[in-house]
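Secondary and tertiary structure notes
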Amino acid sequence: SAVISQKPSRDICQRGTSLTIQCQVDSQVTMMFWYRQQPGQSLTLIATANQGSEATYESGFVIDKFPISRPNLTFSTLTVSNMSPEDSSIYLCSVEDPLIGAFFGQGTRLTVV
Amino acid sequence: AQKVTQVQTEISVVEKEDVTLDCVYETRDTTYYLFWYKQPPSGELVFLIRRNSFDEQNEISGRYSWNFQKSTSSFNFTITASQVVDSAVYFCALMRGGSNYKLTFGKGTLLTVNP
């Protein structure tokens, strides 16, 4: 298994500002994943983050809005840029691998006002 | 393409009732993995079980049990003698084997257990 520490756990932000979410894993992993969960909805994959290369974004998500860093094999950040109320969601990072399964951080509950 | 369907959107039961959450999946892969997660109101996603496609044995963990049937592409989850603390959203998910192993989630089932 993998233990993931995600922070902040929640935040209330003003529209137009940016928030950076951090995830720290207790072991080295090749890929990390970032998800958005809008209110009452399921999880939607934003991007896959590989160490040493640019993140791969899913359809509907762009780097300018959700820049991701992956400076080493245990850490990643997701920034939600120029926020609007529509960005109010839970954001989750995960570690996924067929050999170990899929484990998630505690989630960041973001409210944009 | 992978697809996961959770038949029930919401279920409401009274404490001590048994409840089954249904999950039906679609995949063309022969190697795949199935998961169940619990999401309480706090928002974290709690891992419950992982099952690979070659292991059809049912599993029991305390009050929780899972029934995996490849013939019907189903991976159902039963809570026996439900408790108020079981109230949460439950997600079923599918992961492909191999190198392209993204998770596909169902839409979730909101379970409310009333005292």
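Reference entry: report on the structure contained in this document. Note that this is a predicted model, so its numbers are computed, not measured.

1. Let's talk about the overall build of chain A
A count of helices and strands for chain A gives 0 helices and 11 strands. Each helix and strand of chain A, ordered N terminal to C terminal, gives the series β-β-β-β-β-β-β-β-β-β-β. Radius of gyration (C-alpha) of chain A: 13 Å, near the 13 Å computed for a compact globule of 113 residues. Once the C-alpha set of chain A is aligned to its principal axes, its extents read approximately 40 × 25 × 20 Å. With 113 residues in all, chain A has 51% of them scored as buried.

2. Let's talk about the interface of chain A and chain B
Of the residues lining the interface, 23 residues belong to chain A; the matching set on chain B comes to 21 residues. With both sides pooled, the region where chain A packs onto chain B buries about 1600 Å², and carbon together with sulfur makes up 59% of that total. Looking at the side of chain A facing chain B, the largest losses of area belong to Ser42(A), Pro98(A) and Phe104(A), adding up to 29% of the total buried there. There are 6 residue pairs in polar contact (both at pLDDT 80 or more) connecting chain A and chain B. At the level of secondary structure, the elements contributing two or more residues to the side of chain A that touches chain B comprise strand S4 (31-37), strand S5 (44-50), strand S9 (89-97) and strand S10 (101-104) of chain A.

3. Overview of the packing of aromatic side chains
A complete count under the given rule lists 20 aromatic pairs over all chains for this structure. When the centroid spacing of 5.2 Å and the interplanar angle of 55° are considered together, the rings of Tyr25(B) and Tyr32(B) count as tilted. For the pair formed by Tyr25(B) and Tyr32(B), the shared burial category is buried. A connected cluster of aromatic rings, assembled from ring pairs, spans Tyr35(A), Phe103(A), Phe104(A), Phe35(B), Tyr37(B), Phe47(B), Phe91(B) and Phe105(B).

4. A short note on the sheet that holds strand S3 (residues 19-25) of chain A
Residues and elements named next belong to chain A. Reading across the sheet, the 4 strands line up as S1-S3-S8-S7 and stay open at both edges, with antiparallel pairing between neighbours. Pairing within the sheet leaves two strands with one partner each, and these edge strands are strand S1 (4-7) and strand S7 (68-72). Each strand axis lies, on average, 15° off the axis of its neighbour in the sheet, ignoring direction. Where S1 lies against S3, 4 bridges are found, and the strand directions are antiparallel. In the sheet register, Gln6 faces S3, and the bridge partner there is Cys23.

Conventions used here
Residues numbered from 1 in each chain as written. Chains lettered and ligands numbered in written order. Predicted model: local features only at pLDDT ≥ 70, side-chain atom pairs only at ≥ 80, totals over all residues. Heavy atoms only, no water. Helix = DSSP H or I, 4+ residues; strand = E, 2+ residues; numbered from the N terminus. Rg over C-alpha atoms; globule rule 2.2 N^0.38 Å. Buried < 20%, exposed > 50% of the residue type's maximum accessible area, 1.4 Å probe, protein only. Contact = heavy atoms within 4.5 Å. Buried area = accessible area lost by both parts, 1.4 Å probe. Polar contact = N/O pair within 3.5 Å; in protein donor to acceptor, adjacent residues only side chain to side chain. Phe/Tyr/Trp six-rings, centres within 6.5 Å; stacked < 30°, edge-to-face > 60°. Pairing = 2+ DSSP bridges. Axes fitted to C-alpha atoms, helices over the stretch in contact; angles between N-to-C directions.

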